[in-house]
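Listed below are the residues making up each chain.
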Amino acid sequence: MTEANARRFISARRKIIEGDFASLNPEQRRAVLTTEGPLLLLAGAGSGKTTVLIHRVVNLLRYGRGSDTEEIPASCGEEELRLLEQAAAGEIPVTEEIRALCAVEPASPWQVLAITFTNKAADELKSRLEKALGAAGQSVWAMTFHGTCSRILRRYAERLGFPSSFTIYDQADSLAVMKRVLKEMNLDDRTWPPKAMLAAAERAKGALQTPDEFLAQEQASRDIRRIRTAQVCKAYAQRLFDAGAMDFDDLLYFTVRLLKENPDILDYYQNKFRYVQIDEYQDTNHLQYLFASLLAGGRRNICVVGDDDQSIYKFRGATIENILSFEKQYKDARVIRLEQNYRSTGNILRAANAVIANNTARKGKNLWTQKGSGDKITLYVAQNEDDEARFVARTIRQSGRPARDFAILYRTNAQSRNLELTFKNMGINYRIFGGTRFFDRAEVKDVLAYLCVIANPTDETRLLRIINVPARGIGSTSLERVQAIAREEGVSLFEVLSSASHRPGVTAGKKMEEFCRMIGELQQRISEIPLDEFYDEVLDRTGYLAALQTKNADENLSRIENIQELKSSIIKSMENTGGDLYAYLDEVALYTDMDTYDREEDCTVMMTMHSAKGLEFPVVFLVGAEDGLFPSAMSISDQEEMEEERRLCYVAITRAREKLYITCAAQRMLYGRTSANLPSRFTDEIPPELLDRQGVERRRQQERSSYWDDDGAFRSSYGGSGGWSHPGSYGSGAAQKKNVVRTSAAPTRKPSAITPPPAKAPEFRVGDRIVHKAFGHGSVEKLTPMGGDALMEILFDSGETKRLMLRIAMRNMEKESS
DNA sequence: ATCATAACGCTTTTT
DNA sequence: GCGTTATGAT
């Protein structure tokens with residue numbers, strides 16, 4: 001083929017492929033057709049990210065790199081060129097045959113890996129892929145990080161010395177193990193908080209250190225506390241290893257180590273996965289980053305999708321750096337931005353943009369929409385949390401819309417209780433996600449623990465959980481003795497238990513042996529009967545169900561229901577995985593409540609803003625918008641954490657399609673105390689013209705949002721103390737009022753006309769010298785009043801000019817002392 | 001061994 | 001304020 005013809009071929013091919021994705025906008029289409037090499041997809045909220053991911057996979061399976069290469073299959077000549085050009089011009093229909101001519105090495109489903117964060121996202125991806133591709137969609141690896149890792153580890157765990165039937169510990173299990181370790185080392189939980197110990201272990205794993213390496217490093221510090229911590233971490237790791245168990249972090253940690261230390265395995269997966277896509281890349285932590293980099297290291301066809309403004313898991317070790325520095329890591333990376341929002345109305349989007357604009361650490365992006373402005377955002381200031389809940393319920397009731405159109409988002413799970421009560425009273429269907437999760441319930445964990453022990457008797461944590469549940473007369477004294485023996489002899493606890501009657505000092509030996517025999521018999525039965533029948537037999541033989549039935553109490557009734565509910569999850573799993581106990585336990589270990597969300601059910605959903613990520617609703621209530629609650633009191637003193645809270649706010653606002661309500665309460669009972677909080681600073685960052693203020697505190701609220709004093713001095717309503725540290729520090733409405741700046745007239749004067757007022761509140765004028773915590777010394781260049789706040793332009797001595805919102809900046813800034 | 005009461009601490013957010 | 005755990009009494 002001549003070069004001119006080759007060009008014509010490529011152009012016609014591209015046109016035909018583009019025709020398959022005509023429903024997308026140009027940027028989306030470009031994202032779908034850019035298949036080769038590293039790609040950074042900056043996808044704003046509601047920009048059709050999942051749609052793009054689906055179409056990308058469709059494109060890869062149908063055309064391979066056809067849309068993104070200059071290669072022409074050797075079999076194609078003049079005849080094929082003619083066909084393609086005719087099809088591209090619309091003269092002949094695009095048949096399968098013509099499509100095949102456009103393909104260059106189409107990918108097989110199992111060569112495509114799409115990693116998400118949540119099971120829910122993975123499930124949605126899977127079901128939409130199945131819809132688009134039929135059976136082939138099922139073979140695409142669409143799963144969570146943890147799911148991907150456990151699948152790899154199941155295959156290669158032996159290389160790490162783990163059994164391939166290793167169990168997965170959730171955080172409650174991990175915590176239990178850690179507590180036991182501390183107890184055995186005679187360390188007090190008060191001075192050695194188990195959670196802090198787990199956090200240390202997590203950090204070490206994040207740095208890819210083995211327990212020994214971590215210990216060696218800490219020993220070099222000569223700090224006895226750090227050394228002891230490292231020793232605890234090592235003991236913890238050993239304990240998990242002995243039990244054949246991995247915690248959530250281990251799944252990633254060991255997978256990364258496996259790939260790093262075994263070139264053959266790395267090679268296998270690098271070749272297997274021709275295309276790697278990673279969703280929510282802004283929320284990846286270092287291990288996940290390493291995992292992604294390793295997998296993509298061969299062919300370098302890695303597509304990461306993310307939105308730096310939606311990074312809300314820093315507390316969990318996510319580093320926004322991963323997305324911010326993607327272009328540095330891959331010099332030839334292509335970047336595509338999706339900024340058109342298909343979800344929300346104009347006012348909602350404007351509010352979201354205005355709020356997030358106050359953050360400094362961002363790539364910068366502005367969402368836009370073709371939709372109209374829509375309703376204003378309603379800001380309702382309630383008297384207290386009951387009033388707030390009633391407002392929400394009343395609004396839903398009066399709307400005439402089905403309950404499922406609404407979502408209530410809050411900062412902490414604890415806030416759901418009031419709402420729940422009110423909704424019960426008003427008879428509105430609701431469903432709460434998160435909080436005490438189904439799989440965290442004691443009875444569910446108990447029954448699962450039985451199944452775990454049957455599957456893997458070395459699982460000491462689960463074994464200890466159930467050995468005396470229901471009561472079998474195996475007391476703590478005998479148990480401790482047996483545990484000590486197991487440790488001395490270096491054998492598993494189960495082994496000692498099964499011959500415990502020969503042991504001195506173990507009074508319950510016979511009962512222990514009996515228990516082991518029962519487990520052994522159940523193990524026999526696994527292969528003989530279907531999993532659901534087996535489940536019934538476990539409930540029966542262990543006496544667990546009987547124990548619940550004999551005790552009266554209504555709470556046992558719901559426990560029995562929960563156990564039945566668990567059976568339905570087994571039946572569901574049997575449909576997918578064919579009823580393998582190990583497969584079921586694997587699935588359940590990584591399961592969360594979110595995954596059972598049924599969109600069709602007519603319920604208003606209540607959840608934290610974190611769990612709402614990736615979801616959308618026609619109407620959203622953002623409740624508890626109070627300083628100290630949201631943003632959380634813990635983040636108020638730290639600029640970076642404050643920015644994370646603001647991103648969370650951005651996520652919450654952008655969940656709404658048509659209407660957003662924001663509510664706060666003047667007083668709220670929280671953690672057993674009543675506190676009075678000011679409305680969230682984020683509400684002040686929304687341009688006032690987008691807000692419709694309602695509620696009892698309306699007048700005061702309006703006063704508060706005016707910062708201009710009579711003499712024109714600009715000051716903060718937060719008083720001279722530089723903010724507050726605890727929500728409880730404002731014990732009453734009166735204390736709060738003192739901090740309200742009264743205004744007698746509308747603020748009209750320019751900041752340049754400022755005369756110094758005798759106020760103790762910090763105030764700033766053009767020309768003032770200031771010191772900023774993060775940016776150092778500088779001088780105020782410009783002050784522009786803006787929506788109850790003011791925009792400051794500050795020229796820092798570093799030569800950098802920064803634009804900061806006064807209310808935010810003043811927390812980290814003060815006048816230079818002369 | 002089991003139950004009852006008291007003390008404690010915890011609330012960010014999740015796989 | 002609530003749920004979990006520690007302690008003590010039966």
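In what follows, the structure referred to is the one given above.
Cut-offs and rules
Residues numbered from 1 in each chain as written. Chains lettered and ligands numbered in written order. Predicted model: local features only at pLDDT ≥ 70, side-chain atom pairs only at ≥ 80, totals over all residues. Heavy atoms only, no water. Helix = DSSP H or I, 4+ residues; strand = E, 2+ residues; numbered from the N terminus. Buried < 20%, exposed > 50% of the residue type's maximum accessible area, 1.4 Å probe, protein only. Contact = heavy atoms within 4.5 Å. Polar contact = N/O pair within 3.5 Å; in protein donor to acceptor, adjacent residues only side chain to side chain. Pairing = 2+ DSSP bridges. Salt bridge = Lys/Arg side-chain N within 4 Å of Asp/Glu carboxyl O. Phe/Tyr/Trp six-rings, centres within 6.5 Å; stacked < 30°, edge-to-face > 60°. Near = heavy atom within 4 Å. Nonpolar A, V, L, I, M, F, W, Y, C, P; charged D, E, K, R; others polar. Axes fitted to C-alpha atoms, helices over the stretch in contact; angles between N-to-C directions. Parallel < 35°, antiparallel > 145°, perpendicular 65-115°, else oblique. Left-handed = near helix turned anticlockwise from the far one by under 90°. Core = buried A, V, L, I, M, F, W, Y, C linked by side-chain atoms within 4.5 Å. Lys, Arg positive; Asp, Glu negative; His and termini not counted.

## Points about the overall build of chain A
Assigned secondary structure in chain A consists of 34 helices and 22 strands. Of all 818 residues assigned to chain A, the portion counted as buried reaches 55%. Contacts spanning at least 24 positions in sequence make up 74% of the contacts within chain A whose residues lie at least 6 apart.

## Some thoughts on the side chain of Thr 284
Locating Thr 284 in the fold gives a position in the loop between strand E6 (275–278) and helix H15 (286–296). Residue classification places Thr 284 among the buried positions, given a relative accessible area of 0%. Here the side chain of Thr 284 touches Asn 322 through a polar contact of 3.0 Å, side chain to side chain.

## Considering the pairing of strand E14 (residues 656–665)
With respect to burial, E14 is a largely interior element, 8 of its 10 residues being buried. As paired elements, strand E13 (residues 617–622) and E14 share 5 bridges and run parallel to each other. In the strand pairing of E14, Leu 622 is matched with Ile 662.

## Topic: the pattern of salt bridges
This model, assessed by the stated rule, comprises 52 salt bridges. Arg 300 serves as the salt-bridge partner of Asp 332, at 3.1 Å between the closest nitrogen and oxygen. Of this pair, Asp 332 sits in the loop between helix H17 (326–329) and strand E8 (334–338) while Arg 300 sits in the loop between H15 and strand E7 (302–306), and the two are 32 residues apart along the sequence. Residue Asp 332 is classed as partly exposed on the basis of its relative accessible area, which comes to 43%. When salt bridges with common partners are traced through the structure, they connect Lys 49, Asp 279, Glu 280, Asp 283 and Lys 613 into a single cluster.

## Here we look at the packing of aromatic side chains
Aromatic ring pairs are described here by two measures, namely the spacing of the ring centres and the angle between the planes. Within this structure, the stated rule accounts for 19 aromatic pairs. Centre to centre, the rings of Tyr 156 and Tyr 269 are 6.2 Å apart; their planes meet at 80°, and the pair counts as edge-to-face. A residue pair is termed long-range when its members are at least 10 positions apart, and Tyr 156 in helix H8 (residues 145–156) and Tyr 269 in helix H14 (residues 263–272) qualify at 113 residues. Residue Tyr 156 shares its accessibility class with Tyr 269, and that shared class is buried. Aromatic side chains Tyr 450 and Tyr 544 sit 6.3 Å apart centroid to centroid with 75° between the ring planes, which places their arrangement in the edge-to-face category.

## Focus: the protein's contact with DNA strand B
Within the structure, DNA strand B sits among 25 residues, and Arg 316, Arg 411, Ala 471, Met 634 and Tyr 671 are positioned closest to it. The side chain of Lys 195 places a nitrogen or oxygen atom 3.1 Å from a phosphate oxygen of DNA strand B. A distance of 3.1 Å is found between a phosphate oxygen of DNA strand B and a side-chain nitrogen or oxygen belonging to Thr 608. Residue composition of the surface near DNA strand B, grouped by class: 9 nonpolar, 11 polar and 5 charged.

## Considering the sheet that holds strand E3 (residues 141–144)
The parallel open sheet is built from 6 strands, whose spatial order is E3-E2-E6-E7-E1-E8. In the strand order of this sheet, the two ends are held by E3 and E8, each with one partner. Here the average twist between neighbouring strands, direction ignored, is 15°. The sheet contact formed by strand E1 (residues 39–43) and E7 spans 4 bridges and is parallel. Bridging from a neighbouring strand, Leu 41 pairs with Val 305 of E7. Lying over the sheet, helix H2 (residues 26–33) contacts E1 and E8, oriented at roughly 145° with respect to E8.

## Here we look at the sheet that holds E13
Strand order in the open sheet formed by 7 strands is E11-E12-E10-E13-E14-E9-E17, and the pairing between neighbours is parallel. For this open sheet the edge positions go to strand E11 (430–432) and strand E17 (691–695), each flanked by a neighbour on one side alone. Neighbour-to-neighbour, the strand axes of this sheet turn through a mean angle of 20°, independent of strand direction. Pairing between strand E10 (residues 406–410) and E13: 4 bridges, direction parallel. The residue of E13 that forms the bridge with Phe 406 is Val 619. Against the sheet, helix H18 (residues 346–356) contacts strand E9 (377–382) and E14, and its axis sits at roughly 55° relative to E14. Docked against the sheet, helix H19 (residues 385–399) engages E9, E10, strand E12 (604–608), E13, E14 and E17, running at close to 155° with respect to E14.

## What to know about the packing of H19 against helix H20 (residues 416–426)
Relative to each other, H19 and H20 sit at 45°, their axes nearing to 9 Å. Relative to H20, the element H19 lies oblique. For the crossing formed where H19 meets H20, the hand is right-handed. Contact with H19, carried on its side by Glu 385, Asp 386, Ala 389, Arg 390, Val 392, Ala 393, Arg 394, Ile 396 and Arg 397, involves Asn 418, Leu 419, Thr 422, Phe 423 and Met 426 of H20 and no other residues of that element.

## Remarks on the nonpolar core
Core analysis: the biggest nonpolar cluster contains 51 residues, and Leu 448, Leu 451, Phe 534, Leu 566 and Tyr 584 have the highest contact counts within it. At 10 residues, helix H21 (residues 442–455) tops the list of elements feeding residues into this core. Once you skip the residues sitting within four places of it in the chain, Leu 566 turns out to touch Phe 438, Phe 439, Val 444, Val 447, Leu 448, Tyr 535 and Tyr 584. Grouped together as the second largest cluster of nonpolar side chains are 50 residues, Phe 117, Phe 145, Leu 294 and Phe 326 included.

## Let's talk about the side chain of Arg 472
Within the secondary structure, Arg 472 is located in the loop between helix H22 (460–466) and helix H23 (476–489). Of the side chains with opposite charge, Glu 514 comes closest to the buried, unpaired Arg 472, at an N-O distance of 7.2 Å. From its side chain, Arg 472 meets the backbone oxygen of Ile 466 in a polar contact 3.0 Å long. A distance of 3.1 Å separates a polar side-chain atom of Arg 472 from the backbone oxygen of Thr 542. Those residues within four positions of Arg 472 in sequence are excluded, and the remaining contacts are Tyr 450, Ile 466, Ile 467, Lys 511, Phe 515, Met 518 and Thr 542.

## A closer look at the environment of Gln 138
Along the chain, Gln 138 falls in helix H7 (residues 135–139). Gln 138 gets classed as exposed once you look at its relative accessible area, which sits at 53%. A C-alpha to C-alpha distance of 9.0 Å links Gln 138 and Trp 110, two positions 28 residues apart in sequence.

## Considering unusual backbone geometry
Of note, the bond from Phe 630 into Pro 631 is cis; its omega dihedral lies within 30 degrees of zero at 5°. By the element assignment, Pro 631 lies in the loop between E13 and helix H30 (639–653). Backbone geometry at Arg 222 places phi at a positive 65°, although glycine is not the residue there. In this fold, Arg 222 is placed in the loop between helix H11 (211–221) and helix H12 (224–242). Accessibility expressed as a relative area gives 75% for Arg 222, which makes it exposed. Notably, Arg 300 is not glycine yet its phi reads approximately 60°, a positive angle.

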